[in-house]
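# Notes for the structure review
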Amino acid sequence: MENKKEPKVLGIGSVMFFSENPKATREWYAKNLNMDVSDWGATFESRNIDNPDKLESTQWCPTKVGSDYFAPSEKPFMINYRVQNIEGLLEQLKANGIEIIGELIDHEYGKFAHILDADGNKIELWEPAE
């Protein structure tokens, strides 16, 4: 089934950043800012403004320094953008001369792709599973 929705970013899916000790960082945020953290970080839920019955989430993820997940970027962070019609968006990006890093990844919780922006920041694009 073809996705006819306009390819675009809908919001921020996660913020990932390097930490020397992600476990200690998570514990600090839990203790001092009362964040509900797990081994992955924290999840912040919100309601979709156009469809209040739909829950959305944003992840907060300390990542161990030295991880190659942000590569080829050398920046200490990566932002994940929640998108609709990821395949259409990737077609637009390719037409604009943007290199797609790796292949489109299809998980049970959505589809993922990676690109670099004009400043060399690795960006993760995520179309959540319905």
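Look above for the structure.
What you see is a predicted model, and the numbers here were worked out from it, not measured in a lab.

## Some thoughts on the pairing of strand β3 (residues 41–47)
Both faces of the sheet carry side chains from a regular strand, because those side chains alternate between them. Relative to β3, strand β2 (residues 37–38) runs antiparallel, the two being bridged by 2 bridges. Pairing of V37 across the sheet is with A42, part of β3. Here β2 folds back onto β3 in antiparallel fashion, the turn holding 2 residues.

## A short note on the packing of aromatic side chains
By the definition in use, this model includes 6 aromatic pairs. Ring geometry for F18 versus F70: centroids 4.5 Å apart, planes at 25 degrees, classification stacked. In this pair, F18 is assigned in strand β1 (residues 8–19) and F70 in the loop between β4 (55–64) and β5 (77–84), connecting sequence segments 52 residues apart. Taking relative accessible area as the criterion, F18 reaches 23% and is therefore assigned partly exposed. Residue classification places F70 among the buried positions, given a relative accessible area of 1%. Ring centres of F112 and W126 lie 6.2 Å apart, and the angle between their planes is 10 degrees; this geometry places the pair in the stacked category. Pair noted here: F112 is in strand β7 (residues 110–116) and W126 is in strand β8 (residues 122–128), with a separation of 14 residues, a long-range link.

## Points about the nonpolar core
Generally speaking, nonpolar side chains in soluble globular proteins are found buried as a group. If you look at the biggest cluster of nonpolar residues, it comprises 10 residues: V83, I86, L89, L90, L93, I100, A113, I115, I123 and L125. Among the secondary structure elements, those contributing two or more residues to this core are α2 (86–95), β7 and β8. If one sorts the elements of this core by residue count, α2 sits on top with 4 residues. Beyond its immediate chain neighbours, meaning those up to four positions away, L90 contacts I100, L104, A113 and L125.

## Section: the sheet that holds β3
Strands sit in the order β2-β3-β4-β1-β5-β8-β7-β6 across an open sheet of 8 strands; the sheet is mixed. Each end of this open sheet is capped by a strand with a single partner; those strands are β2 and β6 (100–107). Pairing analysis gives 4 bridges linking β5 to β8, with the strands arranged parallel. Each residue of the ladder has a partner; that of R82, found in β8, is W126. The strands touched by helix α1 (residues 22–33) within the sheet are β1, β2, β3 and β4, with β4 carrying the most contacts at an inclination of about 130 degrees. Lying on the sheet, α2 is in contact with β5, β6, β7 and β8; it crosses β8 at an angle near 150 degrees.

Criteria and thresholds
- Residues numbered from 1 in each chain as written.
- Predicted model: local features only at pLDDT ≥ 70, side-chain atom pairs only at ≥ 80, totals over all residues.
- Heavy atoms only, no water.
- Pairing = 2+ DSSP bridges.
- Helix = DSSP H or I, 4+ residues; strand = E, 2+ residues; numbered from the N terminus.
- Phe/Tyr/Trp six-rings, centres within 6.5 Å; stacked < 30°, edge-to-face > 60°.
- Buried < 20%, exposed > 50% of the residue type's maximum accessible area, 1.4 Å probe, protein only.
- Core = buried A, V, L, I, M, F, W, Y, C linked by side-chain atoms within 4.5 Å.
- Contact = heavy atoms within 4.5 Å.
- Axes fitted to C-alpha atoms, helices over the stretch in contact; angles between N-to-C directions.

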